[in-house]
Amino acid sequence: MIDTDGGGQGPLCAAESTDAEVIKESLAEPDRFGLLYERHARVLHGYAYRRLGREAAEDVVAETFMKAFRARRTYDLGHSDARPWFFAIAIREIARHHRVEQARYRALLRSTEDRGEGDLADRVADAASAHLWRRPLVAALAKLSRRERDVLLMVAWADLTYEEAARALGIPLGTVRSRLHRARHKIRKHLPDDIALELT
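Just so we're clear, the structure is a prediction, and the values are computed from it rather than from any experiment. (Residues numbered from 1 in each chain as written. Predicted model: local features only at pLDDT ≥ 70, side-chain atom pairs only at ≥ 80, totals over all residues. Heavy atoms only, no water.)

## Remarks on the overall build of the protein chain
No. 1: Within the protein chain, the regular secondary structure consists of 11 helices and 0 strands.
No. 2: When the helices and strands of the protein chain are listed from N to C terminus, the series reads α-α-α-α-α-α-α-α-α-α-α.
No. 3: With an accessible surface of roughly 10,600 Å², the protein chain has 49% of that area assigned to carbon and sulfur atoms. (Helix = DSSP H or I, 4+ residues; strand = E, 2+ residues; numbered from the N terminus. Areas by Shrake-Rupley, 256 points an atom, 1.4 Å probe, with all protein chains shown as cover.)

Structure (structure tokens):
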């Protein structure tokens, strides 16, 4: 539970501080950075889990926060929401696990049973009928380039806006739009329309 008492924390309590304010405060009080873990670790883990599986996802989240903590002095305090910054770091960590991600897709395609780690499709759209279209979904995602997949899944799974995805990936907004357009086009070629709409 976040302490909102504010004792010794300055005029703003933890619940009211923006991410940028917490990062600035953490330069003098490193323990404050833990609040950002509480705010963002769950969504980062969920995103990495869907792409890499449980074990690799835990590594990605741990590395992301460790690197973010070390680099916090470089954070642009003009951005109050640090979520795209965390995703920028996480996406580089995920790229290091590219082979794991590809192997995961291959394993899911081979799988005929609904296993604990095989619930990729279930978590994409939270649909009861997900098991009926897991194979085409995984096949469609596997056919995307890594750059196209990064943009598509940041918008679909991480719920980032186009602007936030551009910031996270360090690319122009127009590039996000064009990659997303290509990714959606490829996805729609391999999935029924209703399923493609859930993802895109």
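Now that the structure has been shown, we can carry on.
## Considerations on the pattern of salt bridges
No. 1: For the coordinates displayed, the defined rule picks out 10 salt bridges.
No. 2: In this structure, Glu-25 engages Arg-32 in a salt bridge whose closest nitrogen and oxygen atoms are separated by 2.3 Å. (Salt bridge = Lys/Arg side-chain N within 4 Å of Asp/Glu carboxyl O.)

## A short note on the nonpolar core
No. 1: Counting residues in each nonpolar core, the largest one holds 49 residues, and the members touching the most others are Tyr-47, Trp-85, Phe-86 and Met-154.
No. 2: When contributions to this core are tallied by element, the ones reaching two or more residues are helix H1 (19–28), helix H2 (34–52), helix H3 (54–70), helix H4 (83–96), helix H7 (134–143), helix H8 (146–156), helix H9 (162–169) and helix H10 (173–190).
No. 3: Contacts of Trp-85, omitting those with residues within four sequence positions, involve Ile-23, Phe-33, Ala-68, Ala-71, Arg-72, Tyr-75 and Arg-167. (Core = buried A, V, L, I, M, F, W, Y, C linked by side-chain atoms within 4.5 Å. Buried < 20%, exposed > 50% of the residue type's maximum accessible area, 1.4 Å probe, protein only. Contact = heavy atoms within 4.5 Å.)

## Some points on the packing of aromatic side chains
No. 1: The final tally for this structure, using the stated rule, is 7 aromatic pairs.
No. 2: Judged by centre distance (4.8 Å) and plane angle (35 degrees), the rings of Phe-65 and Phe-86 are tilted. On the criterion of sequence distance, the pair formed by Phe-65 in helix H3 and Phe-86 in helix H4 is long-range, its members being 21 residues apart. For the pair Phe-65 and Phe-86, a shared accessibility class is recorded, and that class is buried.
No. 3: Just above the ring of Phe-69 sits the side chain of Arg-72; from NZ or CZ to the centre is 3.9 Å. (Phe/Tyr/Trp six-rings, centres within 6.5 Å; stacked < 30°, edge-to-face > 60°. Lys NZ or Arg CZ within 6 Å of the ring centre and 35° of its normal.)

## A short note on unusual backbone geometry
No. 1: For Asp-159, which is not glycine, the phi dihedral falls at a positive 60 degrees.
No. 2: Tracing the sequence through the fold places Asp-159 in the loop between H8 and H9.

## Section: H10
No. 1: With 18 residues, H10 should reach 26 Å at 1.5 Å per residue; the first-to-last C-alpha distance of 26 Å fits that figure.
No. 2: Among the residues of H10, those classed as buried are Val-176, Arg-179, Leu-180, Ala-183, Arg-184 and Ile-187. When H10 is viewed along its axis, its buried side chains cluster within an angular range of 135 degrees and face the same direction. Relative to its buried face, H10 has exposed residues pointing more than 90 degrees away, namely His-181 and Lys-189. (Expected span 1.5 Å × (residues − 1). Arc of directions from axis to C-beta.)

## Here we look at the environment of Ala-140
No. 1: Among the secondary structure elements, Ala-140 is positioned in helix H7.
No. 2: Residue Ala-140 is classed as buried on the basis of its relative accessible area, which comes to 1%.

## A few points about the packing of H2 against H4
No. 1: The geometry of H2 relative to H4 is characterised by a closest axis approach of 11 Å and an angle of 35 degrees between their N-to-C directions. Our pair here, H2 against H4, has a crossing hand that is right-handed. Touching Leu-36, His-40, Val-43, Leu-44, Tyr-47, Ala-48, Arg-51 and Leu-52 of H2 are Arg-83, Phe-86, Phe-87, Ala-90, Ile-91 and Ile-94, all from H4.
No. 2: Its residues placed into classes, the contact of H2 with H4 shows 11 nonpolar, 1 polar and 2 charged. (Axes fitted to C-alpha atoms, helices over the stretch in contact; angles between N-to-C directions. Left-handed = near helix turned anticlockwise from the far one by under 90°. Nonpolar A, V, L, I, M, F, W, Y, C, P; charged D, E, K, R; others polar.)

Interpretation in functional terms is not warranted from these geometric data alone.
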